[in-house]
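Examination of the molecular architecture
Below, each chain spelled out in residue letters.
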Amino acid sequence: MTEADKAYAKALLKELIACDTTDYHEENGQRVVERELLKLHCIVRRINPKPELLAEKYPEFNIGHTYENRDCLAADFIGTGGGKSLILNAHVDTVYPAQPSMWKTDPFCPVEKEGKVYGLGSCDTKAGLTAMITALRMIEKEGRQLKGDVYFHCVVDEESGGGNGTLACLNESRHADAVLVAEPTELKPAGAHMGSYAVR
């Protein structure tokens, strides 16, 4: 990774942090992600979750959510053939900042200190989202051609219930041999997802 790549990643991360992407405001960040994807050689699509369709098809779908102006983004990077395929998945939405007065800094104003960038969503998962976009950009910039396809999914509605945005993308995308999810794991790759329970 060159210094220019690092500068690009840091600038993109800060721009995403500055976007309010709390539930029902994800479009603020999706416009930034879409802008960067359109600079690359890929097929970019917007996918709007359809609750009726998804609830009928997937028992895991979390009902009661609406999706006006809440699109997911999918980008297909088609390989030369003969390789394994990969899905890159990250969510653009964040939790609410609760009591901003309790924060040491403005949650929507990125602050860099001692090599770290602070702000709402910086770790979960705007840093992962930035890393994936930066990696795809570096591959293209260096003229590398992957044999396998890469399917990039930037989803909405993860924080308020889990997987509705991801289910929407999977429903309208090709399946892959593996998936890399950008959830924070203290930089230790994990072969499983923590998961959650919904109790009635």
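Residues numbered from 1 in each chain as written. Predicted model: local features only at pLDDT ≥ 70, side-chain atom pairs only at ≥ 80, totals over all residues. Heavy atoms only, no water.

A word on the sheet that holds strand E3 (residues 86–91)
Strand order in the open sheet formed by five strands is E1-E2-E6-E3-E7, with mixed pairing between adjacent strands. In the strand order of this sheet, the two ends are held by strand E1 (43–47) and strand E7 (178–181), each with one partner. Across the sheet, the mean angle from the axis of one strand to that of its neighbour is 20 degrees, orientation sign disregarded. As paired elements, E3 and E7 share four bridges and run parallel to each other. Each bridged residue has a counterpart across the sheet, and for Asn89 the counterpart in E7 is Val181. Along the sheet face, helix H4 (residues 122–141) touches strand E2 (72–77), E3, strand E6 (150–155) and E7 and points at about 145 degrees away from the line of E3. (Pairing = 2+ DSSP bridges. Helix = DSSP H or I, 4+ residues; strand = E, 2+ residues; numbered from the N terminus. Axes fitted to C-alpha atoms, helices over the stretch in contact; angles between N-to-C directions. Contact = heavy atoms within 4.5 Å.)

Considerations on helix H5 (residues 164–171)
In terms of residue burial, H5 counts as a mostly covered element, since six of its eight residues are buried. The complete set of buried residues in H5 reads Asn164, Gly165, Leu167, Ala168, Cys169 and Asn171. On the buried face of H5, the contacting elements are E1, helix H3 (51–57), E2 and E6. (Buried < 20%, exposed > 50% of the residue type's maximum accessible area, 1.4 Å probe, protein only.)

So, the packing of aromatic side chains
Scanning the model with the defined rule gives zero aromatic pairs in all. A cation sits over an aromatic face here: Arg70 above Tyr24, 3.8 Å from the ring centre. The ring of Tyr8 is capped by Arg137, whose NZ or CZ atom sits 3.9 Å from the centre of that ring. (Phe/Tyr/Trp six-rings, centres within 6.5 Å; stacked < 30°, edge-to-face > 60°. Lys NZ or Arg CZ within 6 Å of the ring centre and 35° of its normal.)

Description of the environment of Ala75
Structurally, the position occupied by Ala75 is in strand E2. C-alpha separation for the pair Ala75 and Leu40, spaced 35 residues apart in sequence, amounts to 9.5 Å. With sequence-adjacent residues up to four places away left out, Ala75 is seen in contact with Leu37, Cys42, Ile43, Val44, Val150, Tyr151 and Phe152.

Describing unusual backbone geometry
A cis geometry characterises the amide bond from Asp124 onward to Thr125, with omega recorded as -10 degrees. Positive phi values are uncommon outside glycine, yet Ala98 reaches one of about 60 degrees. Owing to a relative accessible area of 70%, Ala98 belongs among the exposed residues under this scheme. Of note, the phi angle at Asp157 is positive, near 65 degrees, even though the residue is not glycine. As for its placement among the helices and strands, Asp157 is situated in the loop between E6 and H5. Residue classification places Asp157 among the buried residues on the basis of a relative accessible area of 1%.

Overview of the state of the cysteines
In this structure the tally under the stated criterion is zero disulfides. For the unlinked cysteine Cys109, the closest cysteine sulfur is that of Cys19, found at 13 Å. Judged by its relative accessible area of 40%, Cys109 falls in the partly exposed class. (Disulfide = S-S within 2.5 Å.)

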